[in-house]
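In case you want the letters, here they are:
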Amino acid sequence: MRYRLLGRSGLRVSELCLGAMVFGDTRGSWGATREDAREILSRFTEAGGNFIDTASNYARGASEEIVGELVAPDRDRWVLATKYTCSSRPEDPNAGGNHKKSLVQSLETSLRRLKVDYVDVLWVHIWDALTPIEEVVRALDDVVRAGKALYVGVSDTPAWVVAKAVTLAEVRGWSPFVALQVPYSLIERSVERELLPMARGLDLAVTAWSPLGDGLLSGRYGSDRAQPSDSRIAGVAAHRLSERNLRIADAVNTVAKDRGVSSAQVAIAWITAQQYRAEIIPIVGVRTPAQLADNLGALEIELTADELAHLDTVSAIELGFPHGFGGFQLAYGSTLALIDNHRPQFEVPLSRDHQRI
C-alpha cells in the first residue's frame, strides 16, 4: 500500500479507502456482520490501509458504532472520516440539510457513536440548495477551530458550488475543502466533465465511490451472463442493465479473463490509472473479507496502453461544450505549438482527435 496526500493538506492517506457503508446493514445478505467487519478491518490494516469512510446515516448509525469500536485500540493511526447532511428524522425539517443546526446535531451524534473526540475528515454528504454556501463554510470552520474535525471535504455537490466554497474559504481565512467525493467508474464517467477538472485545478483529492458501478463490473454481469437472483440492483435492472453498460462489463470481463485476474480488479485498476485527471482514491465498499482481498489485488495490476484505450473507448462519454471547442485556437493563432506551458495543471485544449489545436 502506498500513500497519497489528501488534496492540499499534508495528511497522508492510503491509496485505497475502506468504505464502511454496509457495516451493520441488516438487509438480508447485503450487509457485513460485526464479525466480518472486524476481519475486513484487520486485513485492511495488514495491507497498510489507514483511511476509513463512514456516515451518520449508514446502517442507521450502526456503521459508525462498529467503526468506532474497531478503530478504538489504535485510533490515532486511522484517518477517520464521516459525513453529515442526510436527515435523521424525516418529519423534522431541521434534522437534515447543511445548515449549522444540522451540522452540530449530526456531528455530536457521530462523535458519540464513534466514541472519539474528533474525526479526521468531516464530509458534507450532499448539496443542500436551501442553505447558503457561506453558512456551510463558516459552520465547518467553527467545528475545525473547536477541534472536532481536522479537515473538511464535500461529496456529491455541483462543481460551481464547490469552487465557490473553496474561494470563499480562501478569502475569509476559513478551513477550505481538501477533498471531493463523487461516484466514478467505467460505468459512471460524467464527473469528467466538470468535477474532476475542478478538483485538479483546486488541488482537491477525489475519493471515488462505487468504483464497480453498483456491482456491474464485479464479473457477475455481462451480455453472456444471467442476472444474479440476489443482485442488489435487481430492482433497477431497466436503469442499470443497459446495452451500453453491458458492453462495458463485457470489455472488463474480457480484459480480466486475458489477464487471469478478476473483473473487479480490472475496474479498480482502471480508476487508479486515471491519476492524470485528478488525485483519485477509490473507496472499496466490501461486505466480506474475500471481497476485500480481491479488491486489494487491484494494486498489483498495471493495465497496458492498449487495455486502457479499449476500456476508454467502450465507456467514453460526450463531454460536451466547452470541452474540445475548436474556437479556443482563436486565443493562440498559429503559435500554440510554440508555447511552453509551465503550468501543467491547466490542460491545453484538445481537438476531437486529442491533438493540440
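A brief look at the structure comes next. A quick note: this is a predicted structure, and the numbers were derived from the prediction, not measured.

**Things to note about the pattern of salt bridges**
Scanning the entire structure with this criterion turns up 19 salt bridges. Taking the shortest distance from any N to any O, the salt bridge between Arg4 and Glu279 comes out at 3.0 Å. Of the two residues, Arg4 is situated in strand β1 (residues 3-5) and Glu279 in the loop between α9 (263-272) and β10 (280-284); the sequence distance between them amounts to 275 residues. Residue class for Glu279 comes out partly exposed when judged on its relative accessible area of 30%. Residue Lys83 is joined to Asp53 by a salt bridge in which the shortest nitrogen-to-oxygen separation is 2.4 Å. Placement of Lys83 in strand β5 (residues 79-84) and of Asp53 in strand β4 (residues 51-53) is noted, with a sequence separation of 30 residues between them. There is no split in this pair, since Lys83 and Asp53 are both buried. Each of Arg189, Glu192, Arg277 and Asp312 takes part in a single network of salt bridges with overlapping partners.

**With respect to the packing of helix α3 (residues 100-114) against helix α4 (residues 133-145)**
At a closest axis distance of 9 Å, the pairing of α3 and α4 adopts a crossing angle of 35 degrees. α4 is crossed by α3, and the crossing has right-handed handedness. Note on element contacts: α4 touches α3 through Glu135, Ala139, Leu140, Asp142 and Val143, opposite Lys100, Leu103 and Leu107.

**What to know about the pairing of β5**
Across the six residues that make up β5, a large majority, six, are buried. Of the two faces of β5, the one holding Val79, Ala81 and Lys83 and the one holding Leu80, Thr82 and Tyr84 are both buried throughout. Summarising the sheet, β4 and β5 pair through three bridges and their orientation is parallel. Across the sheet, the residue bridging to Phe51 is Val79, located in β5. Taking the sense of rotation as the criterion, the β-α-β connection linking β4, helix α2 (residues 62-71) and β5 turns out right-handed. Bridge count between β5 and strand β6 (residues 119-124): four bridges; the pairing is parallel. Directly across from Lys83, in β6, lies its bridge partner Trp123. Each parallel crossover has a hand, and the one from β5 via α3 to β6 is right-handed.

**Quick look at the state of the cysteines**
Counting across every chain of the model gives zero disulfides. Unpaired in terms of disulfides, Cys17 finds its nearest cysteine sulfur in Cys86, a separation of 17 Å. Since its relative accessible area comes to 0%, Cys17 is described here as buried.

**A closer look at the packing of aromatic side chains**
Using the criterion set out here, one finds three aromatic pairs in the structure. Between the aromatic rings of Trp127 and Trp160, the centroid separation amounts to 5.8 Å while the plane-to-plane angle is 85 degrees, which identifies the pairing as edge-to-face. You can see Trp127 sitting in the loop between β6 and α4 and its partner Trp160 sitting in helix α5 (residues 159-172), a full 33 residues away along the chain. Taking the centre distance of 5.4 Å and the plane angle of 50 degrees together, the rings of Tyr184 and Trp270 count as tilted.

**A look at the environment of Val71**
With respect to the element layout, Val71 can be found in helix α2. Considered as a pair, Val71 and Ser42 are 29 residues apart in the sequence and their alpha carbons are 9.8 Å apart. Discounting residues that sit within four places of it in the chain, Val71 has contacts with Leu41 and Trp78.

**Points about the sheet that holds strand β8 (residues 177-183)**
Taken in spatial order, the eight strands close into a barrel running β3-β4-β5-β6-β7-β8-β9-β10, and their pairing is parallel. On average, adjacent strands in this sheet sit at an angle of 30 degrees to one another, irrespective of strand direction. Taken strand by strand, α3 contacts β5 and β6, and its axis lies near 140 degrees from that of β5. On top of the sheet, helix α6 (residues 195-202) reaches β8, β9 (205-209) and β10; it is set at about 160 degrees to β8, its chief contact.

What counts as what
Residues numbered from 1 in each chain as written. Predicted model: local features only at pLDDT ≥ 70, side-chain atom pairs only at ≥ 80, totals over all residues. Heavy atoms only, no water. Salt bridge = Lys/Arg side-chain N within 4 Å of Asp/Glu carboxyl O. Helix = DSSP H or I, 4+ residues; strand = E, 2+ residues; numbered from the N terminus. Buried < 20%, exposed > 50% of the residue type's maximum accessible area, 1.4 Å probe, protein only. Axes fitted to C-alpha atoms, helices over the stretch in contact; angles between N-to-C directions. Left-handed = near helix turned anticlockwise from the far one by under 90°. Contact = heavy atoms within 4.5 Å. Pairing = 2+ DSSP bridges. Right-handed = clockwise from strand over helix to strand, strands pointing away. Disulfide = S-S within 2.5 Å. Phe/Tyr/Trp six-rings, centres within 6.5 Å; stacked < 30°, edge-to-face > 60°.

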